[in-house]
Amino acid sequence: MDKTVQEFYGDRLRTRVCGLSVKSEKVLLVNHFGLYSHDFWAPPGGGIEFGQTAQANLEREFREETGLEVKVGDFLFACEFISAPFHAVELFFDVEVMGGDLFKGFDPETGKENQIISEVRYLSFEEINKIRDVNKHGLFKRAKSVQNLIDLRGYLKI
């Protein structure tokens, strides 16, 4: 794990918003490198900033990480992840892409020289299911298809 990443994200509770964008039976995912000693695929999202709504934060995160403008839809489910030094509560929303061009964005918290985003793209569940569990978000232990993913509800401990 990158020392900068641990200093910024570790040893504190983070409340995050994440969005599920599905297009042609594929899910938009961001590949992070530096959170662990390996890559890590997860839906776009990030920390909620004080004074901004969850929806406004999610719109910002999509612009930063993917270049896409989104409309935030329904709240779907919450995930809690605890594995030292990380502890996160994540609120997942359905999103609709309204515009923009998909590209590999950035994480402003880590600065230019310590970027953790290595790739952004839509993946089929066939591709997602081939990724080792340790290399993808824990929600994919519960969802093995697009239908499973969009049907998830409630509180998930991952």
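Below: a short report on this structure.

What counts, and where the lines are drawn
- Residues numbered from 1 in each chain as written.
- Predicted model: local features only at pLDDT ≥ 70, side-chain atom pairs only at ≥ 80, totals over all residues.
- Heavy atoms only, no water.
- Disulfide = S-S within 2.5 Å.
- Buried < 20%, exposed > 50% of the residue type's maximum accessible area, 1.4 Å probe, protein only.
- Phe/Tyr/Trp six-rings, centres within 6.5 Å; stacked < 30°, edge-to-face > 60°.
- Helix = DSSP H or I, 4+ residues; strand = E, 2+ residues; numbered from the N terminus.
- Core = buried A, V, L, I, M, F, W, Y, C linked by side-chain atoms within 4.5 Å.
- Contact = heavy atoms within 4.5 Å.
- Polar contact = N/O pair within 3.5 Å; in protein donor to acceptor, adjacent residues only side chain to side chain.

## Considerations on the state of the cysteines
- Under the defined criterion, the tally for this structure stands at zero disulfides.
- Cysteine Cys18 is unpaired, with the sulfur of Cys79 as its nearest cysteine sulfur at 7.7 Å.
- Under the relative-accessibility criterion, Cys18 is labelled buried at 1%.

## With respect to the packing of aromatic side chains
- Counted by the stated rule, this structure contains three aromatic pairs.
- Taken together, a centroid distance of 5.5 Å and an interplanar angle of 70 degrees make the contact between Phe75 and Phe93 edge-to-face. A residue pair is termed long-range when its members are at least 10 positions apart, and Phe75 in strand β6 (residues 68–83) and Phe93 in strand β7 (residues 86–100) qualify at 18 residues.
- For Phe93, a relative accessible area of 6% gives the class buried.
- Plain terms: the ring middles of Phe77 and Phe92 are 4.7 Å apart, the flat faces sit at 15 degrees to each other, and that makes the pair stacked. Here Phe92 lies in strand β7 and Phe77 lies in strand β6, a separation of 15 residues in the sequence.

## Focus: the environment of Ile116
- When you line up the elements, Ile116 lands in the loop between β7 and β8 (117–124).
- Sequence separation between Ile116 and Phe40 is 76 residues; the distance between their C-alpha atoms is 9.8 Å.

## Concerning the nonpolar core
- Judged by nonpolar contacts, the single largest core of 20 residues is most densely connected at Phe77, Phe125 and Leu149.
- At three residues, the largest contribution of residues to this core is made by β6.
- Other than its neighbours up to four places away in sequence, Phe77 contacts Leu20, Glu90, Leu91, Phe92, Leu139, Leu149, Leu152, Arg153, Gly154 and Leu156.
- Leu28, Val30, Phe62 and Phe93 belong to the second-largest nonpolar core, a separate cluster that totals 14 residues.

## Looking at the side chain of Asn135
- Note that Asn135 resides in the loop between α3 (125–130) and α4 (146–151).
- Accessibility expressed as a relative area gives 7% for Asn135, which makes it buried.
- A distance of 2.7 Å separates the side chain of Asn135 from the side chain of Asp39, its partner in a polar contact.

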